[in-house]
Amino acid sequence: MAGIYIHIPFCRKRCHYCDFFKSTDFSFKSGILAGLRKELESRAAELASDEINTIYLGGGTPSALLLDELKDILDTIRNNYLVSPEAEITMEANPDDLNQANLTSLRQMGYNRLSMGIQSFAESDLKLMNRRHGVMQAVQSVKWAKKAGFSNLSIDLIYGLPNQTLEDWERNVRIAVELDVQHISAYNLTYHEGTVFYDQLKSGILKELPDELSVQQFELLIRILKDAGFEHYEISNFCKPGFYSQHNSSYWKNKKYLGIGPSAHSFDLDSRRWNVSSIAKYLHGLENNESYSETEILTEQDRYNDYIITGLRTIWGISEDYIRREYSEKYFVHYQKIREKYLKSGHIAISSGTVTINSNGLFISDKIMADFMLVEAAK
Ligand code: SF4
């Protein structure tokens, strides 16, 4: 079982909060598409004995590509990898790129899940974030997608936006519920260095929302979505029964994945690899058979810490047996010490040897994960 992630590094416009690797210069598009094809073909041996269960086109903005280009990417994968007939094939899409005709074509090509970057149902928020779409476009694109046959739709929302009241946020969440989608990802706004929002915060144009209000927004989100039948299966992710993002779940469950395209990350159980975050260097490397990535062999400490931070993010948690079996004794001793501390404070739960962060612990999940990790200085 393995996954393939393809990074499409183009956006028509930069959103003011976003620090993903992307370019607004589409003149490199044909070069990148040829590069993606070449990388997919040249790395097929890495997953020669694995069935591909998930394919994920992210970015950037995959929906900014033409239909033929999106078909070519899927064809290249199918021609070079063993793709399961039931594979989850997700594409990230922005509402302003979508219409009834192209959604119908995408569904016919085999894309069966859309992750739609909606972020807010308030025009003022969309403007502040420099999003390209409006509220009506977002609502309409969900309706078109359903009509085109997509029965697995996810929408992204952001809370903690400047000036966003609890009532504003409640309205967003309720509209998302009314749209009757299968999956909602909701992220607390982060001011990343290098973004317009970061600069505006530093210069006093924007004011950060108080932490208490962001926490209230998160609590409200959990309550409304729970009442609406969503399962809170990862810190920022909620789904109707059975509609987990299989691709993202495989990141959290320590499964292999191949990352294709500039800035994409790969994981093969023993090592992590990341492609260079530069279109020019990526293409130069591919064209001249030179390296365009770095690789890190994972130490036991890396593997233990990865297991902790990916497992504790989810309802699947971390397994006591697995830690005892897979890692040296010192990791198990450390795990037991921290487990006792948080069982006593009531922030985690344990059931059949599996530890999960409970609703009390959700708001300090970063601290809990950091405590469970073991970081020793290299000798
Ligand atoms: S949020 Fe999405 S559309 Fe906006 S700049 Fe980032 S990658 Fe591009």
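Residues numbered from 1 in each chain as written. Predicted model: local features only at pLDDT ≥ 70, side-chain atom pairs only at ≥ 80, totals over all residues. Heavy atoms only, no water.

Quick look at the site of the ligand now. Neighbouring the ligand are the residues Cys11, Lys13, Arg14, Cys15, Tyr17, Cys18, Lys22, Gly60, Thr61, Asn94 and Arg131. Classifying every residue of the shell around the ligand gives 4 nonpolar, 3 polar and 4 charged. (Near = heavy atom within 4 Å. Nonpolar A, V, L, I, M, F, W, Y, C, P; charged D, E, K, R; others polar.)

Once that is clear, we can look at the sheet that holds strand E15 (residues 354-357). Strand order in the open sheet formed by 3 strands is E13-E15-E14, with antiparallel pairing between adjacent strands. Unpaired on one side and paired on the other, strand E13 (318-319) and strand E14 (348-351) mark the two borders of the sheet. Of the pairings in the sheet, the one linking E13 to E15 comprises 2 bridges and is antiparallel in character. By the bridge assignment, serine 319 is partnered in E15 with threonine 354. (Pairing = 2+ DSSP bridges. Helix = DSSP H or I, 4+ residues; strand = E, 2+ residues; numbered from the N terminus.)

On the surface, Val215, Phe363 and Ile364 cluster together into a nonpolar patch covering about 200 Å² of accessible area. The residue valine 215 is located in helix H8 (residues 211-227) in this model. (Patch = residues over 30% accessible without salt bridge, like charges linked within 9 Å, V, L, I, M, F, W, Y side chains within 5 Å. Areas by Shrake-Rupley, 256 points an atom, 1.4 Å probe, with all protein chains shown as cover. Salt bridge = Lys/Arg side-chain N within 4 Å of Asp/Glu carboxyl O.)

So, about the domain arrangement of the protein. If you check the domain split of the protein, you get domain 1 (2-250) and domain 2 (299-379). The C-alpha-based centres of domain 1 and domain 2 are spaced at 29 Å. Carbon and sulfur atoms supply 72% of the area buried between domain 1 and domain 2, which totals about 860 Å² over both sides. Three residues, Tyr233, Glu234 and Ile235, lead the burial of domain 1 against domain 2; their summed loss comes to 51% of the area buried on that side. Connecting domain 1 to domain 2 are 1 salt bridge. Close ionic contact of glutamate 234 with arginine 313 constitutes a salt bridge, the shortest N to O distance being 2.5 Å. Viewed at the interface, domain 2 and domain 1 are joined by 3 residue pairs in polar contact (both at pLDDT 80 or more). Those elements that place two or more of their residues in the side of domain 1 that touches domain 2 are H8 and strand E7 (231-234). A class-by-class count of the residues in the side of domain 1 that touches domain 2 yields 6 nonpolar, 3 polar and 3 charged. (Domains from an automatic or database assignment. Buried area = accessible area lost by both parts, 1.4 Å probe. Polar contact = N/O pair within 3.5 Å; in protein donor to acceptor, adjacent residues only side chain to side chain.)

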